[in-house]
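Residues per chain, in single letters:
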Amino acid sequence: MLKGNFPVEKFASLKTPFYYYDMGLLARTLDELRAQLSRYPDYRMHYAVKANFNPEILKQIAAAGLGADCVSGGEVQAALDAGFAPESIVFAGVGKADWEINLALDAGIGRFNVESLPELEVLDSLAAAKGVKASISLRVNPNIGAHTHANITTGLAENKFGINYDILEDVIRRALELNNVVFRGLHFHIGSQILEMDDFIALCNRVNELSERLSRHGLPVGDINVGGGLGIQYQHPNHFPIADFATYFATFKKHLAVKPGTPVHFELGRSIVAPCGSLICRVLYVKQGTSRQFAIVDGSMTELIRPALYKAYHRIENISSNEPEEVYDVVGPVCESSDVFLKAAEIDKCHRGDFIAIRSAGAYGEAMASRYNLHQLPEAYYDWRR
Ligand SMILES: *Cc1c(COP(=O)(O)O)cnc(C)c1O
């Protein structure tokens, strides 16, 4: 079985489970992303911090010159601490608390992505109290489904995100009346783990339609932020270690109608960091059930909740063994039936103590870790080999 190139000999002294980060792969990913971006001078990338806010990872991404996309005050602070330029930070979220808005105003972030009329009014008054003006985009709910898991589609009218498509004109007019917010553009985000470019084409069509509608009403459009959502190949991390940024940008270039010189903002998270991370666990027990065989590992949903939360697939490799494959349900120790990494996983024969790599776990892995069952939060191991 084809496996990742892990320095297993270095793992013996480490406490499992831990997150392994291939910093060389992250660097190559950022190189490829920058190479693609250099073909589109108006495109701006803001890394979605919520995918992985590990300080070492944030530092590398900030050093590559990307901006940051944040969804909380804590993330704005983490982005500032990691060295992201304040003006490159954009801040979305349906429920921004006053302290979070104030923190972002004090930092002088580039853009608030405002998600409702009441938020707009609060932002204006908090900015007025400080005697500053806040640059804003309005986050529009485009009512577009994405072909992805129901829990990670965000652009449908039934989802809580963004401003209803039908009342957008009223909200823009209100923004133009207020003295301490400056309307600068529109923001969208339709979901995550999107591999069908048709979904992004549908978004482009919707944005184009909306821009025309606003222009007809004599309203400004400003710049466009199309959010994130590009997916990765969870099935084949060894064959496709870097997401297909080229096709993604080419899709927007072809289908999004903007005047030359208009900035187009992107907010990718998963596709930048998912491939470089693996959760490394050890096999505790191999247990025979009545109809199946279990590999019980020391990692669980408390380190990587995506399989339990979204039925997400992660490829699993036994990186200690080279014996013929057997079929296992790979499960963790947590007292929840959903604490299963993968059913009927075909992996090299397992023995107690083997290292198991759960691949493509760099996004929404460590960032979603919890202390349920009083587990400790996982630590990180950085592999700096290039
Ligand atoms: C989560 C999120 C993103 C990033 O999504 P990915 O699927 O990780 O690329 C971008 N923008 C907003 C507003 C988000 O909430």
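Residues numbered from 1 in each chain as written. Predicted model: local features only at pLDDT ≥ 70, side-chain atom pairs only at ≥ 80, totals over all residues. Heavy atoms only, no water.

Caption draft 1: The pairing of strand β6 (residues 134-141), seen in detail. Of all the eight residues making up β6, eight are buried; the element is thus mostly covered by neighbouring parts of the structure. Of the two faces of β6, the one lined by Ala134, Ile136, Leu138 and Val140 and the one lined by Ser135, Ser137, Arg139 and Asn141 are each fully buried. Where strand β5 (residues 111-114) lies against β6, three bridges are found, and the strand directions are parallel. When the bridges of β6 are listed, Val114 appears paired with Leu138. What joins β5 to β6 is helix α5 (residues 117-130), and the crossover it makes is right-handed. Judged from the six bridges that link them, β6 and strand β8 (residues 181-187) form a sheet pairing that is parallel. For Arg139, the partnering residue across the bridge sits in β8 and is His187. Pairing of β6 with strand β7 (residues 163-164) involves two bridges; the strand directions are parallel. Bridging across to β7, Asn141 finds its partner in Asn164. (Buried < 20%, exposed > 50% of the residue type's maximum accessible area, 1.4 Å probe, protein only. Helix = DSSP H or I, 4+ residues; strand = E, 2+ residues; numbered from the N terminus. Pairing = 2+ DSSP bridges. Right-handed = clockwise from strand over helix to strand, strands pointing away.)

Caption draft 2: Structural view of the layout of surface pockets. Roughly 330 Å³ of volume is contained in the second largest pocket. Forming the boundary of the second largest pocket are 19 residues, of which Asn5, Asp22, Leu25, Arg28 and Arg359 lie nearest the centre. Elements supplying a minimum of two residues to the lining of the second largest pocket: β1 (18-22), α1 (23-37) and β11 (277-288). Residues belonging to the lining of the second largest pocket are distributed by class as follows: eight nonpolar, five polar and six charged. (1 Å grid on protein atoms, 1.4 Å probe; cavity = no way out; pocket = protein on both sides within 12 Å on 5 of 7 lines; lining within 4 Å. Points joined across faces, edges and corners; volume = space filled by probe spheres on them. Nonpolar A, V, L, I, M, F, W, Y, C, P; charged D, E, K, R; others polar.)

Caption draft 3: Up close: the domain arrangement of the protein chain. Each domain of the protein chain was delimited in the assignment, giving domain 1 (8-18 + 275-383) and domain 2 (23-273). Listed as interface residues are 21 residues of domain 1 and, on the opposing side, 25 residues of domain 2. Approximately 2100 Å² of surface area, both sides summed, lies buried where domain 1 meets domain 2, with 55% of it carried by carbon and sulfur atoms. Put simply, domain 1 and domain 2 have zero salt bridges between them. The interface formed by domain 1 and domain 2 contains eight residue pairs in polar contact (both at pLDDT 80 or more). For the side of domain 1 that touches domain 2, the elements supplying multiple residues, two or more each, are α10 (306-310) and β17 (379-383). For the side of domain 1 that touches domain 2, the class distribution of residues is 10 nonpolar, five polar and six charged. (Domains from an automatic or database assignment. Contact = heavy atoms within 4.5 Å. Buried area = accessible area lost by both parts, 1.4 Å probe. Salt bridge = Lys/Arg side-chain N within 4 Å of Asp/Glu carboxyl O. Polar contact = N/O pair within 3.5 Å; in protein donor to acceptor, adjacent residues only side chain to side chain.)

Caption draft 4: Highlighting unusual backbone geometry. The linkage connecting Thr16 with the following residue, Pro17, adopts the cis geometry, with an omega of -5 degrees. For Pro17, the location among the structural elements is in the segment before β1. Phi is positive for Gln193, close to 55 degrees, though the residue is something other than glycine. Take Gln193: it is sitting in the loop between β8 and α7 (197-216). Residue classification places Gln193 among the buried residues on the basis of a relative accessible area of 15%. At Leu374, a position not held by glycine, the phi torsion is positive, near 55 degrees. Mapped onto the elements of the fold, Leu374 is located in the loop between β16 (355-358) and β17.

Caption draft 5: Representation of the site of the ligand within the structure. In the neighbourhood of the ligand, 14 residues make up the surrounding shell, with Lys50, Ser192, Glu267, Arg270 and Tyr364 lying closest. Between the ligand and Asp69, the relevant distance is 3.2 Å, taken from a nitrogen atom to a side-chain nitrogen or oxygen of the residue. Within the backbone of Gly229, an N or O atom sits 2.8 Å from an oxygen atom of the ligand. (Near = heavy atom within 4 Å.)

Caption draft 6: Quick look at the packing of helix α4 (residues 98-107) against α5. Axis separation between α4 and α5 bottoms out at 10 Å; the angle between their running directions is 50 degrees. On the basis of the axis angle, α4 is oblique to α5. Remark: the crossing between α4 and α5 carries right-handed chirality. Residues Asp98, Ile101, Asn102, Leu105 and Asp106 of α4 form the contact with α5, whose own contacting residues are Val122, Leu123, Leu126, Ala127 and Lys130. Class assignment for the residues of the contact of α4 with α5 results in six nonpolar, one polar and three charged. (Axes fitted to C-alpha atoms, helices over the stretch in contact; angles between N-to-C directions. Parallel < 35°, antiparallel > 145°, perpendicular 65-115°, else oblique. Left-handed = near helix turned anticlockwise from the far one by under 90°.)

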